Amino acid sequence: MPTIALRRAQRPGKHANPSTAPEPHASATQYKVTGIRVLRSEWAKFWSLRSSWITLGVAAFLLVLFGAIASYTYSPGATATGGPPGASSGDSDAVSLALTGVTFASLAVGVLGVLLAAGEYSTGMIRSTLTAVPRRLPVLWSKAAVIGPIVLVLTMLGALAAFQLGTPGLDGERIALSLGDDGVLRSLVGAGVYLGLVAVFGVALGILIRSSAGAIAVLVGTLLILPGLASLLPDSIYDNINPYFPSNAGSAVYALHQSSDALSPVAGLAVFAGWVALTLAGAAYRLRNSDA
């Protein structure tokens, strides 16, 4: 009898405390996919790749190196390095010399954006990523949200470093400027904004084309080759469309002085951001409606 009573006492009755029962949805809530978790995942993925560290370092190095060299080798009346045909360094200013390396840095960060996106298609890792994030689009937004600010901050610091390193080389020259002069800081920050958008542009191309080689070719063609090919058009057409090419609109963002045939910094930013947004929209459409 005591044994039976003890067993009955240990057996849970119908009035057992419900708080001790397991919650059926606890594990599901714990592992719910949210935008913040996708962002953290892409952040960890970005910094775990050796190519991220190397490419960011190369972009900053090129930006500082070419800016410093251009400032220390400045000679009034000489042909400007990296400028348009017929341009001379006498038409330059301290900011444009410091930002000589922007073109090279843009290729580096653009390629990094392509690799961050299209690299997953090359390795097949995109299937695991989309299985973990069935809604798909947060993957694209998170990749863009990770690489854009990182590149913006790093290249902005690189532009500031290039300007400060090049200032002694222009000591006594007519074009010498200080960081406190009107428009200088805005131009240096604008270079970082432009390069951050180039990195996001690379991500969008990587998702849209899904091939590292193909996306890099389109990136280079859009930023470097397309404006040159357009110069073969009649002047009446070329003059009207030239300011709206991605690289030309982007260069207006960090130009210290607005030229007569270029957009203003605000208009240039709006046009280039529009190109990036249009590419992101195409990438989002394909990511959502096509199999990996």
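Residues numbered from 1 in each chain as written. Predicted model: local features only at pLDDT ≥ 70, side-chain atom pairs only at ≥ 80, totals over all residues. Heavy atoms only, no water.

S.K.: Looking at this model, I keep getting lost on the overall build of the chain. Mind explaining?
M.R.: For the chain, the count of helices and strands is 13 helices and zero strands. When the elements of the chain are put in sequence order from the N terminus, they spell out α-α-α-α-α-α-α-α-α-α-α-α-α. In the chain, which comprises 292 residues, the share counted as buried stands at 41%. Looking at the chain as shown, the accessible area adds up to about 15800 Å², and 64% of this sits on carbon and sulfur atoms. (Helix = DSSP H or I, 4+ residues; strand = E, 2+ residues; numbered from the N terminus. Buried < 20%, exposed > 50% of the residue type's maximum accessible area, 1.4 Å probe, protein only. Areas by Shrake-Rupley, 256 points an atom, 1.4 Å probe, with all protein chains shown as cover.)

S.K.: Where do I start with the packing of aromatic side chains in this structure?
M.R.: Note on aromatic pairs: each is described by the distance of the centres and the angle between the planes. Evaluation of the coordinates by the stated rule reveals six aromatic pairs. Look at Trp47 and Trp53: their rings are 4.9 Å apart centre to centre, the planes differ by 55°, and that puts the pair in the tilted class. Judged by its relative accessible area of 26%, Trp47 falls in the partly exposed class. (Phe/Tyr/Trp six-rings, centres within 6.5 Å; stacked < 30°, edge-to-face > 60°.)

S.K.: Hey, could you run me through the nonpolar core in this one?
M.R.: Here is a general trend for soluble globular proteins: nonpolar side chains tend to be buried in one another's company. Phe46, Leu99, Val102, Leu140, Ile147, Tyr194 and Leu195 are the most contacted members of the largest nonpolar core, which has 65 residues in total. Residues contacting Leu99, with those up to four places away along its chain left out, are Ala159, Ser187, Leu188, Ala191 and Tyr254. (Core = buried A, V, L, I, M, F, W, Y, C linked by side-chain atoms within 4.5 Å. Contact = heavy atoms within 4.5 Å.)

S.K.: Please explain the pattern of salt bridges as it appears in this structure.
M.R.: Two side chains that carry opposite charge are able to pair once their charged atoms sit near each other. Per the stated rule, a full pass over the model turns up four salt bridges. Note that Lys45 and Glu42 form a salt bridge whose closest N and O atoms lie 3.1 Å from each other. In this pair, Lys45 and Glu42 are both assigned in helix α3 (residues 35-48), three residues apart and thus about one turn of the helix distant. Grouping residues by exposure puts Lys45 and Glu42 together as buried. The closest approach of N and O atoms between Glu42 and Lys143, which form a salt bridge, is 3.0 Å. Linking Glu42 in helix α3 with Lys143 in helix α8 (residues 137-166), this pair joins segments that are 101 residues apart in sequence. The two residues Glu42 and Lys143 agree in class, both being buried. Residues joined by salt bridges that share partners form a network here, namely Glu42, Lys45, Glu120 and Lys143. (Salt bridge = Lys/Arg side-chain N within 4 Å of Asp/Glu carboxyl O.)

S.K.: How do you make sense of the packing of helix α9 (residues 184-209) against helix α10 (residues 212-230) when you look at a structure like this?
M.R.: Packed helices, taken two at a time, are described by their axes: the angle between them and the distance between them. Packing of α9 against α10 leaves a shortest axis separation of 9 Å and a crossing angle of 135°. In this view, α9 runs oblique relative to α10, as classed from their interaxial angle. Judged by the twist between their axes, the crossing of α9 over α10 is right-handed. When α9 is examined against α10, the residues Tyr194, Val198, Phe201, Leu205, Gly206 and Ile209 are found in contact with a partner set consisting of Gly214, Ala215, Val218, Leu219, Thr222 and Leu223. A breakdown of the residues in the contact of α9 with α10 according to their chemical character gives nine nonpolar, three polar and no charged. (Axes fitted to C-alpha atoms, helices over the stretch in contact; angles between N-to-C directions. Parallel < 35°, antiparallel > 145°, perpendicular 65-115°, else oblique. Left-handed = near helix turned anticlockwise from the far one by under 90°. Nonpolar A, V, L, I, M, F, W, Y, C, P; charged D, E, K, R; others polar.)

S.K.: Looking at this structure, I do not really get helix α6 (residues 102-123). What am I missing?
M.R.: In an α-helix there are 3.6 residues to a turn, and that puts residues three or four apart on one side. Under the 1.5 Å per step criterion, the end-to-end length of α6 is 31 Å for 22 residues, consistent within 8% with the ideal 32 Å. The sharpest bend along α6 reaches about 40° and sits at Ala117. Downstream of α6 by one or two residues, Gly124 has phi in the positive range, about 85°. (Expected span 1.5 Å × (residues − 1). Bend = angle between axes of the 7 residues up to and from the residue.)

S.K.: Help me understand a nonpolar patch on the surface, please; the structure alone is not making it clear to me.
M.R.: Taken together, the side chains of Leu224, Ile225, Leu229 and Leu232 make up a nonpolar region of the molecular surface, amounting to roughly 410 Å² of accessible area. One can find Leu232 in the loop between α10 and α11 (235-241). A relative accessible area of 72% places Leu232 in the exposed class. (Patch = residues over 30% accessible without salt bridge, like charges linked within 9 Å, V, L, I, M, F, W, Y side chains within 5 Å.)

S.K.: So what exactly am I meant to see when it comes to unusual backbone geometry here?
M.R.: Most of the time, phi is negative for any residue but glycine, and the peptide bond is trans. Positive phi is not limited to glycine here, since Arg136 has a value of about 70°. Among the secondary structure elements, Arg136 is positioned in the loop between α7 (125-132) and α8. At Arg210, a residue that is not glycine, the phi angle is positive and equals roughly 65°. In this fold, Arg210 is placed in the loop between α9 and α10.

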